[in-house]
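A structural walkthrough
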Amino acid sequence: MAKSHQTFVCQSCGAVYNRWRGRCEACNGWNTIVEETGPASPAAGPVATRPSRAKGRVFPLEGLTGEAKQAPRTPSGIAELDRVTGGGFVRGSVILLGGDPGIGKSTLLMQASAALAARGERVAYISGEEAVGQVRLRAERLGLAQAPVELAAETNVEDIVATLSQGRPPALAIIDSIQTMWTETVESAPGTVTQVRGSAQSLIRFAKTTGTAVILVGHVTKDGQIAGPRVVEHMVDAVASFEGDQGHHFRILRAVKNRFGPTDEIGVFEMTDGGLAEVPNPSALFLAGRDLAAPGTAVFAGMEGTRPLLVEIQALVAPSALGMPRRAVVGWDPNRLSMVLAVLEAHGGIRLGGHDVYLNVAGGLRISEPAADLAVAAALVSSLSGTPLPSDAVYFGEIGLSGAVRPVAQAPARLKEAQKLGFAKALMPQGRGEAAERGLSAEALRHIADLVAGVAAGRAGRKGADAKRARLPAYDDES
Ligand code: TYD
Ligand code: MG
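Since we're looking at a predicted model, the values are computed, not measured. (Residues numbered from 1 in each chain as written. Chains lettered and ligands numbered in written order. Predicted model: local features only at pLDDT ≥ 70, side-chain atom pairs only at ≥ 80, totals over all residues. Heavy atoms only, no water.)

1. Some remarks on the overall build of the protein
A count of helices and strands for the protein gives 13 helices and 23 strands. By the burial criterion, 47% of the 479 residues in the protein qualify as buried. Taking as baseline every contact in the protein between residues at least 6 positions apart, the subset at least 24 positions apart corresponds to 67%. Here the protein has roughly 22900 Å² of accessible surface; of this, 54% comes from carbon and sulfur atoms. (Helix = DSSP H or I, 4+ residues; strand = E, 2+ residues; numbered from the N terminus. Buried < 20%, exposed > 50% of the residue type's maximum accessible area, 1.4 Å probe, protein only. Contact = heavy atoms within 4.5 Å. Areas by Shrake-Rupley, 256 points an atom, 1.4 Å probe, with all protein chains shown as cover.)

Spelled out as structure tokens, the structure:
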């Protein structure tokens, strides 16, 4: 039963309702619901009425030969980008690339387009935001003006599909950005969720039928979501986000969803005068400029996907003048910090209730691994006691609520990276001689109390040398 029904669509999250309401239940946004006519989804109506014909073909899963056997990929030639896509753009796949304005999405995609085009592939760059002249100007700045990339400034999806369908299908088509696109198949005003969804649908159909890899650029709202419909995220094959701190030069490309590759890989770039440069050894970048003698810093041997990454965790614990001490975190999960603080209090014999705590992951990196617990705890204890941690040591391990230090995955890779960067010591959960294998001296920590005792021992060792500077005991020795 085909019926063009009226729907009410939340313009912020894409939730669909059958009557108007003031507040979206899905995203709690006020006054975001707008009436839109036409079928809720273009596919929903007509398909039901069509008499069924045995038109589709089925294929056996095994026994596929040649081209169909493995997803054929087109590597971009930019190693950090290919790492995130899983080895190159898969033919006919659609990638949604999100990121804050000005972070460098257009720059990255122009560089990728030029690299592909230089290798003889047909590449089209469709800009809905900038005029052709502006795009060309950017390419000139990047020294890529000679690259045979086809440029167009266009916002109508039907026109774009018609243009791209002429001649050999492009290997890669960039749509910058999906929010500026509109399609005639949908009645809603440009920029609405329905338009964005309709445009994405047409472009995805184009990708699947021609084998062109399509990259859709998506704007990001203030709270970090890709603006417009979340449904676009479900429609595409891969979602990547380009992150970075405006105050820092490096940028991180992170796969959020990937049907054809890993989702936990990151690509690291540095924004330079000549565009984005690859950073093949990010640990060295994140550890640059470390203050070795300062208390409150610990090096965390982390993993991002298959790649080990060493970063400095900085903590500042200072007596608070406030009734409710401050807890501020940059680059880590605040709930996780609360947990580590609680465990330090309950099982490490440390009182932090009267102290402000600031935690920062150096360089603007954002880490989400629980394996950082131990490094965070070490930095906190070090700052509280005023004792610098050994500068040649790395830390990793998850802390349980009982205070136990739990093993984490991929310890050998972490140790190998630490050794490569000249570290001599690893403070880690109980291992199986992995550290010794890597030429590092390992200190196995079973419990958070071991960590606290270790830092205290470091302080005792220092006391003789500069007894005057040694602070009052910061630990709670009430007994
Ligand atoms: P852009 O790619 O336009 O960002 P987006 O498409 O994500 O909005 O990047 C713009 C920023 O990049 C701008 O602030 C200037 C900076 N930039 C450089 O530092 N070097 C360069 O070579 C280029 C092209 C841009
Ligand atoms: Mg842009």
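2. With respect to the nonpolar core
Ranked by size, the top nonpolar core spans 63 residues in total, and within it Phe 300, Ile 313, Trp 332, Leu 344, Ile 367, Leu 380 and Tyr 395 carry the most contacts. For this core, the element with the most residues is helix α10 (residues 373–385), which contributes nine residues. If you count residues domain by domain, this core takes at least three from each of domain 2 (73–280) and domain 3 (285–454). Counting residues in hydrophobic clusters, the runner-up holds 31 residues, among them Phe 89, Ile 95, Leu 116 and Val 149. (Core = buried A, V, L, I, M, F, W, Y, C linked by side-chain atoms within 4.5 Å. Domains from an automatic or database assignment.)

3. Describing the pairing of strand β18 (residues 355–361)
Extensive coverage of β18 is indicated by the burial of five of its seven residues. Bridging between strand β16 (residues 307–319) and β18 involves seven bridges; their strand directions are antiparallel. Across the sheet, the residue bridging to Ala 318 is Asp 356, located in β18. A crossover links strand β17 (residues 327–330) with its parallel partner β18, the connecting element being helix α9 (residues 334–347), and its sense is left-handed. (Pairing = 2+ DSSP bridges. Right-handed = clockwise from strand over helix to strand, strands pointing away.)

4. A short note on the UniProt feature "binding site: ATP" (unreviewed entry) in the protein
Those residues carrying the UniProt feature "binding site: ATP" (unreviewed entry) are Gly 99, Asp 100, Pro 101, Gly 102, Ile 103, Gly 104, Lys 105 and Ser 106 in this numbering. With residues near it in sequence (within four places) discarded, Gly 99 still touches Lys 105, Gly 218, His 219, Val 220 and Phe 242. For Ser 106, the location among the structural elements is in helix α3 (residues 105–118). Ignoring anything within four residues of it in the chain, the contact list for Ser 106 reads Tyr 125, Glu 130, Arg 138 and Asp 176. (UniProt positions renumbered as here; feature names shortened; annotations may be inferred.)

5. Things to note about the packing of aromatic side chains
Across all of its chains, the model carries two aromatic pairs by this definition. Look at Phe 242 and Phe 269: their rings are 6.0 Å apart centre to centre, the planes differ by 75 degrees, and that puts the pair in the edge-to-face class. One end of the pair, Phe 242, is in strand β11 (residues 238–244); the other, Phe 269, is in strand β13 (residues 266–272), and 27 residues separate them in sequence. Pairing Phe 250 with Phe 286 gives two aromatic rings, centres 4.6 Å apart and planes at 85 degrees, and the pair type is edge-to-face. Here Phe 250, found in strand β12 (residues 250–258), pairs with Phe 286, found in helix α8 (residues 282–287); they are 36 residues apart in sequence, far enough to count as distant. The class for Phe 250 is buried, based on a relative accessible area of 9%. (Phe/Tyr/Trp six-rings, centres within 6.5 Å; stacked < 30°, edge-to-face > 60°.)

6. Some thoughts on the sheet that holds β12
Hydrogen bonding along the main chain pairs the strands of a sheet, whether they run parallel or antiparallel. With mixed pairing, nine strands are arranged side by side in an open sheet as β8-β7-β9-β10-β6-β11-β12-β13-β14. Unpaired on one side and paired on the other, β8 (150–153) and β14 (275–278) mark the two borders of the sheet. When strand polarity is set aside, the average angle formed by the axes of neighbouring strands in this sheet is 25 degrees. On top of the sheet, helix α4 (residues 132–141) reaches β7 (123–127) and β8; it is set at about 140 degrees to β8, its chief contact. The sheet strands contacting helix α6 (residues 193–210) are β6 (94–99), β9 (172–176) and β10 (213–219), and the helix crosses β10 at an angle near 160 degrees. (Axes fitted to C-alpha atoms, helices over the stretch in contact; angles between N-to-C directions.)

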